[in-house]
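Summary of the model geometry
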Amino acid sequence: MFRALIIDQNEERQQTCTLSNVEESQLPEGDVLVEVAYSTLNYKDALAITGKGRIARSFPMVPGIDLVGKVLQSDSERFQEGYWVLLNGFGVGEMHWGGLAEKARLKSEWLIPLPSGIDAKQSMAVGTAGYTAMLSVLALEKQGVTPDSGEILVTGANGGVGSYAIRLLNRLGYQVVASTGRMEETEYLKSLGANDVIDRATLSEPGKPLQKERWAGVIDCVGSHTLANVCASTKYGGVVTACGLAQGLDFPASVAPFILRGVKLIGIDSVMRPLADRMEAWQRLGELLQAEDFDAISQEITLDDVAKTASALLDGKVRGRVIVAF
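Overview of the structure. Note that the structure is predicted; figures quoted are calculated from it, not measured. (Residues numbered from 1 in each chain as written. Predicted model: local features only at pLDDT ≥ 70, side-chain atom pairs only at ≥ 80, totals over all residues. Heavy atoms only, no water.)

1. Considering the environment of Gly238
Structurally, the position occupied by Gly238 is in strand E12 (residues 234-242). The exposure class assigned to Gly238 is buried, which follows from its relative accessible area of 4%. Residues Gly238 and Gly150, 88 residues apart in the sequence, show an inter-C-alpha distance of 9.6 Å. Apart from residues no more than four positions distant in its own chain, Gly238 is found in contact with Ala216, Gly262, Val263 and Lys264. (Helix = DSSP H or I, 4+ residues; strand = E, 2+ residues; numbered from the N terminus. Buried < 20%, exposed > 50% of the residue type's maximum accessible area, 1.4 Å probe, protein only. Contact = heavy atoms within 4.5 Å.)

Set out below in structure tokens:
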């Protein structure tokens, strides 16, 4: 028996979430059995746990899109017993039981070895959020955005993706502007490397299709009117990466920034990303992040704390990353 957070649904389609004891035989199919050391609580996990988003695709479901742990059993040639492995995405926590449990049975093609330069706890301090931030930074780099190009805007800056994006960009020498709805967190954002902090209200309302050019690049974690406004105010030839939807799924914009200024809008998917991209992102994370970064951006809770913390996260009361320790 082991403990797991279980999301279920009754006949009236009402969702419940309970901390339960589970038999190993109940785990779904997979060729690698992992003893989970740490998981995380992401925005998507919080939506699944509270039932405020239709994240779970079948029931019962163990949420948790991230995990790191030690291999207990393996039928894969890639991973032997005792190996430390890491997982982000691939529908885990949505269509396949995820990381908010003491054990997980997974498909080996979803796993990568724990990267050098990052230990197990640190990998979950990074998690999908930091990994997504790194993918976004890599996209800016590959499109030719350099520290000399001009200001880089990060929206949703207090969240996990935003916090890591600021720190990574700062490490690389970029001039970073953070947009947040919590101006009381200005000192925190500046401690991560933001050169300036602006109120999200300046971006979150409907705006003109073309606005004064300011941003050389943008990492947007918000969507909706914010994404439309940052596209409208990005410099000629600038690059916007879209990796979040905190404000909404809609995109009330015009084609003007794209056909008149050559702005590039690049979607950042972290769920089904190919193995080579994952390895590149985690290698860069290991190179760029330093020991103090992980504690600055994360807090640690236990499995017993997950449900109440999920509600606080959706209410905008959680800063940075949440590590779940087992």
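Back to the text.
2. What about the sheet that holds strand E11 (residues 215-220)?
Strands sit in the order E10-E9-E8-E11-E12-E13 across an open sheet of six strands; the sheet is parallel. Two strands lie at the open edges of the sheet, namely strand E10 (196-199) and strand E13 (264-267), each paired on one side alone. Between one strand axis and the next, the sheet turns by 20 degrees as a mean value, whatever way the strands run. As judged from the five bridges shared by E11 and E12, these two strands associate in the parallel manner. Bridging from a neighbouring strand, Asp220 pairs with Ala242 of E12. Packed onto the sheet, helix H3 (residues 160-171) meets strand E8 (152-154), strand E9 (176-180) and E11 and runs at close to 155 degrees relative to E8. Across the face of the sheet, helix H5 (residues 224-232) comes into contact with E8, E11, E12 and E13 while running at roughly 155 degrees to E12. (Pairing = 2+ DSSP bridges. Axes fitted to C-alpha atoms, helices over the stretch in contact; angles between N-to-C directions.)

3. A word on the environment of Ser204
Mapped onto the elements of the fold, Ser204 is located in the loop between E10 and E11. For the pair Ser204 and Leu227, spaced 23 residues apart in sequence, the C-alpha to C-alpha distance is 8.4 Å.

4. Brief notes about the packing of aromatic side chains
For the coordinates displayed, the defined rule picks out two aromatic pairs. Consider the rings of Phe90 and Trp110, whose centres lie 6.3 Å apart with planes at 15 degrees: the pair is stacked. You can see Phe90 sitting in the loop between strand E5 (84-88) and strand E6 (103-106) and its partner Trp110 sitting in the loop between E6 and strand E7 (112-113), a full 20 residues away along the chain. By relative accessible area, Phe90 is classed as buried at 14%. What makes Trp110 buried here is its relative accessible area of 12%. (Phe/Tyr/Trp six-rings, centres within 6.5 Å; stacked < 30°, edge-to-face > 60°.)

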